Amino acid sequence: MNILVIGGGGREHAIIRKLKEDPRAETIYALPGNGGIAAGAVCGGVGACDIPGMVDFAKAHAVDFVVVAPDDPLVLGAVDAFTAAGFPCFGPRKDAAAIEGSKVFAKELMKKYHIPTAAYEVFSDLAAALDYVEHCPLPTVVKADGLALGKGVLICETREAAREAVRSMMEGRIFGESGARVVIEEFLTGPEVSVLSFTDGETVVPMVSSMDHKRALDGDQGLNTGGMGTVAPNPYYTPEIAAACMEAIFLPTIQAMRAEGRPFQGCLYFGLMLTADGPKVIEYNCRFGDPETQVVLPLLEGSLLEIMLAVSEGRLADTAVRFSGKSACCVILASQGYPQTYEKGFPISLPETGADEHIYIAGAAEKDGRLVTSGGRVLGATAVADTLPAAIERAYALAGRIHFDNAYCRRDIGQRALQAMKEGA
Ligand code: AMP
Ligand code: GLY
C-alpha cells in the first residue's frame with residue numbers, strides 16, 4: 001500500500017514511523033515532509049496547503065491511502081478534495097474540521113449539547129466587545145475565532161490588557177481574518193490534560209492521556225510555544241475522570257457532530273481542564289496534537305495503519321486499539337530564540353537509538369548530505385520506560401546525546417506530573 005502523509009513536523013515523523021511498522025505499508029510519501037522525515041519517506045516539493053498540487057501528486061504516485069495531519073489543510077478541505085478524487089483518507093472533512101477551525105462553532109456546539117466548557121460570549125462588533133470587557137470578571141480570556149498558529153488565545157489579567165487584546169484582534173487583525181469574530185470567555189483553573197481519540201463518527205476510542213508543556217521556559221515561564229515537551233500518561237487523568245469525560249464530553253461531542261450532519265472521522269483532540277466543577281473542554285483540535293503524538297504513538301501497540309483504515313471505513317467498533325501501559329516522555333530541542341527569532345542552518349549530529357528511544361525530526365533540512373536546523377522546534381527526543389520517572393530520565397539522557405549549536409530545551413518536562421504522582425500517593 002502506498003501511503004501519503006500530509007505535513008512536515010515531528011508529529012508527522014511519529015505517524016510515519018508508526019505506519020511503517022505495518023508490513024502492508026510500501027512507499028510512504030510526505031508533503032512537504034522535512035530533512036529528517038526524508039530518511040524514511042519520499043518527500044515531495046508540494047506544500048501542505050496546496051490542495052490541487054497534493055491531489056495531483058497522489059494521482060501521479062499511485063497513492064492508496066492519505067493521512068492529513070495538520071490543521072490548516074483539514075480546515076481548508078483537503079480531505080474533501082482527496083475523497084472527491086477517489087482517495088480514501090484519514091482525517092475529518094472540512095465541515096467537521098470546523099470544530100477547530102472556528103472557536104465560535106465549537107463553543108456553540110458545546111452550549112447546544114450541554115458539553116461542559118467555560119462560559120462565553122461571541123462578538124463580531126468591536127464596540128460591543130470593548131463594552132463587555134469593561135464589566136466582565138477578571139482574568140478573562142480573549143480568543144480569535146479562526147486558526148492563528150496556536151497563538152490566538154490571550155489571557156488578560158487587567159481591563160487594559162483585555163481592551164488591548166480585543167483591539168489587536170478585531171481592529172489590528174494581528175491574526176488576520178481569524179480575528180473578525182472573537183470569543184471572550186471565563187478564565188478556568190486546574191490541571192490540563194490532552195486526550196487524543198480515534199473516531200469514525202460513531203465510535204470514539206480515547207488514546208492514552210498526555211500532558212503538554214506550552215511555555216518556553218522552565219516553571220511555565222516565558223512565551224507560549226507550540227509545545228516544549230510532553231509526558232504520557234497524564235497522572236491527573238484518573239480512571240474515574242476518564243469515565244466521567246467519556247460520558248459528559250467524548251460521546252456527547254461525537255453524537256453532536258453527527259446530529260449536526262458533520263460526522264467527525266479521524267483524530268479528535270480534547271484539550272481538557274480538570275476544574276473544581278469537573279472536567280471542561282478548553283479546546284478541540286481536529287487532528288493529532290504536536291508534541292502529544294510523539295509520546296502517545298510510541299505507546300500504541302499493534303498497527304496504526306489498521307486503525308486508520310478502520311476509522312476511514314467506519315468499522316472502528318470492531319478494531320482493537322491497545323496501549324502498552326508504559327510511560328513516555330518527549331523533550332523538544334528548539335533553536336535558541338524560539339518562539340520569536342532564531343538562527344538556522346546549524347548541523348545536527350544524531351546518536352544511535354535503542355528500541356525504546358525515538359528521535360522525531362521537526363525543523364530540519366538536508367543540506368549537502370547533512371541535516372541542519374531549519375525551524376524553531378528542531379526535534380523531539382522521546383523515551384519509553386516502565387515508569388514515568390525512568391522515561392523522563394531516559395528522554396533527557398537521549399537529548400544529551402544530540403548536538404547542534406544554538407540548541408535549548410526545558411529542563412523540567414514531566415516534573416509537574418511527578419509532583420502530582422507524589423501528591424496522589
Ligand atoms: P488554545 O490555543 O486554545 O490551546 O489555548 C492555549 C492555552 O490557553 C490553553 O492550553 C490554556 O492553558 C489556556 N486557556 C485557554 N482557554 C482558557 C480558559 N478559558 N481559562 C484558562 N486558560 C485557558
Ligand atoms: N500541543 C498542542 C497542539 O497540538 O495544539
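Our structure's up above, just so we're on the same page.
How each quantity is defined
Residues numbered from 1 in each chain as written. Chains lettered and ligands numbered in written order. Predicted model: local features only at pLDDT ≥ 70, side-chain atom pairs only at ≥ 80, totals over all residues. Heavy atoms only, no water. Axes fitted to C-alpha atoms, helices over the stretch in contact; angles between N-to-C directions. Helix = DSSP H or I, 4+ residues; strand = E, 2+ residues; numbered from the N terminus. Parallel < 35°, antiparallel > 145°, perpendicular 65-115°, else oblique. Left-handed = near helix turned anticlockwise from the far one by under 90°. Contact = heavy atoms within 4.5 Å. Nonpolar A, V, L, I, M, F, W, Y, C, P; charged D, E, K, R; others polar. Expected span 1.5 Å × (residues − 1). Buried < 20%, exposed > 50% of the residue type's maximum accessible area, 1.4 Å probe, protein only. Arc of directions from axis to C-beta. Polar contact = N/O pair within 3.5 Å; in protein donor to acceptor, adjacent residues only side chain to side chain. Near = heavy atom within 4 Å. Areas by Shrake-Rupley, 256 points an atom, 1.4 Å probe, with all protein chains shown as cover. Core = buried A, V, L, I, M, F, W, Y, C linked by side-chain atoms within 4.5 Å. Bend = angle between axes of the 7 residues up to and from the residue. Pairing = 2+ DSSP bridges. 1 Å grid on protein atoms, 1.4 Å probe; cavity = no way out; pocket = protein on both sides within 12 Å on 5 of 7 lines; lining within 4 Å. Points joined across faces, edges and corners; volume = space filled by probe spheres on them.

Caption draft 1: Structural view of the packing of helix α7 (residues 126–133) against helix α8 (residues 159–170). Taken N-terminus to C-terminus, the directions of α7 and α8 make an angle of 165°; their axes are 9 Å apart at the nearest point. Relative to α8, the element α7 is oriented roughly antiparallel. The handedness of the crossing between α7 and α8 comes out as right-handed. Contacts from Leu126, Ala129, Leu130 and Val133 of α7 reach α8 at Arg159, Ala162, Arg163, Val166, Arg167 and Met170. Of the residues contributing to the contact of α7 with α8, the split by class is seven nonpolar, no polar and three charged.

Caption draft 2: Examining helix α12 (residues 388–400) more closely. With 13 residues, α12 ought to run about 18 Å at 1.5 Å a step, and its terminal C-alpha atoms sit 18 Å apart, in line with that. Listing the buried residues of α12 in full gives Leu388, Ala391, Ile392, Ala395, Tyr396, Leu398 and Ala399. End-on, the buried residues of α12 take up no more than an arc of 160°, which puts them together on one face. Tucked into the core, α12 has its buried residues touching β15 (229–232), β20 (327–335), β21 (357–361), β24 (377–385) and α13 (415–424). The distance from a side-chain oxygen at the start of α12 to the backbone nitrogen of Ala390 is 3.2 Å, and the residue carrying that oxygen is Thr387.

Caption draft 3: Quick peek at the site of ligand 1. Surveying the vicinity of ligand 1 reveals 14 residues, the closest of which are Glu185, Glu186, Leu188, Glu192 and Glu283. The side chain of Glu185 places a nitrogen or oxygen atom 2.7 Å from a nitrogen atom of ligand 1. Within the contact set of ligand 1, an oxygen atom lies 2.7 Å away from a side-chain nitrogen or oxygen of Glu283. Relative to its free-state accessible area of 490 Å², ligand 1 is covered by the protein chains to the extent of 90%. Of all the secondary structure elements, the ones that give two or more residues to the shell around ligand 1 are β7 (140–144), β8 (153–156), β9 (182–186) and β17 (278–285).

Caption draft 4: Highlighting the nonpolar core. Leu4 and Phe82 are the most contacted members of the largest nonpolar core, which has 47 residues in total. If one sorts the elements of this core by residue count, helix α9 (residues 239–259) sits on top with six residues. If we ignore the near neighbours within four places in the chain, the residues touching Leu4 are Tyr29, Ala30, Leu31, Met54, Phe57, Ala58, Val63, Phe65, Val66, Val67 and Phe82. Of all hydrophobic cores here, the second largest spans 40 residues; its members include Ile15, Ile16, Val295 and Ile332.

Caption draft 5: Structural detail: α9. Taking 1.5 Å of rise per residue, 21 residues should cover 30 Å, and α9 covers 28 Å from first to last C-alpha, within 8% of that figure. The largest bend in α9 comes to about 45°, at Met246. Taken as a whole, α9 has its buried residues at Cys245, Ile249, Phe250, Pro252, Thr253, Ile254, Ala256 and Met257. At its buried positions, α9 is contacted by α5 (94–101), α6 (103–112), β10 (192–199), β11 (204–206), β16 (266–275) and β17. At the exit of α9 stands Gly261, carrying a positive phi of roughly 75°.

Caption draft 6: Representation of the site of ligand 2 in the model. In the vicinity of ligand 2, the contacting residues are Asp212, Gly226, Tyr269, Asn285, Arg287, Gly289, Asp290 and Glu292. Residue Asp212 places a side-chain N or O atom 2.8 Å away from a nitrogen atom belonging to ligand 2. For the shell around ligand 2, the class distribution of residues is one nonpolar, three polar and four charged.

Caption draft 7: Just the sheet that holds strand β6 (residues 120–123), in detail. In spatial order, the strands read β6-β9-β7-β8; together these four strands make up an open sheet with antiparallel pairing. Two strands lie at the open edges of the sheet, namely β6 and β8, each paired on one side alone. Neighbour-to-neighbour, the strand axes of this sheet turn through a mean angle of 20°, independent of strand direction. Here β6 runs beside β9; their pairing, made up of four bridges, is antiparallel. The partner of Val122 across the bridge, within β9, is Val183.

Caption draft 8: Representation of empty space enclosed by the protein. What the rule picks out here adds up to two cavities of 30 Å³ or more. Estimates place the volume of the largest cavity at around 100 Å³. Taken together, Ile99, Glu100, Ser102, Lys103, Ala106, Lys107, Met110, Lys143, Glu185, Ile282, Glu283 and Tyr284 make up the lining of the largest cavity. Elements with a contribution of two residues or more to the lining of the largest cavity: α5, α6 and β17. The greatest single-element share of the lining of the largest cavity, amounting to four residues, is contributed by α6. Of the residues contributing to the lining of the largest cavity, the split by class is five nonpolar, one polar and six charged. Each pocket or cavity is described by its volume, and for the second largest cavity that value is around 30 Å³. Forming the walls of the second largest cavity are Val68, Ala69, Leu74, Phe90, Gly91, Pro92, Cys267, Cys286, Arg287 and Phe288. Of the residues assigned to the lining of the second largest cavity, the class counts are eight nonpolar, one polar and one charged.

Caption draft 9: Here's a closer look at the pairing of β10. Within β10, seven of the eight residues are buried, which leaves it mostly tucked inside the rest of the structure. In this structure, β10 lies alongside β16, joined through eight bridges in antiparallel fashion. For Ser197, the partnering residue across the bridge sits in β16 and is Leu268. Alignment of β10 against β11, held across three bridges, turns out to be antiparallel.

Caption draft 10: Representation of the pairing of β7 in the model. Within β7, five of the five residues are buried, which leaves it mostly tucked inside the rest of the structure. Residues of β7 alternate between two faces, with Thr140, Val142 and Ala144 on one and Val141 and Lys143 on the opposite face, all of them buried. Here five bridges tie β7 to β9, and the two strands are oriented antiparallel to one another. Following the sheet pairing, Thr140 is matched in β9 by Glu186.

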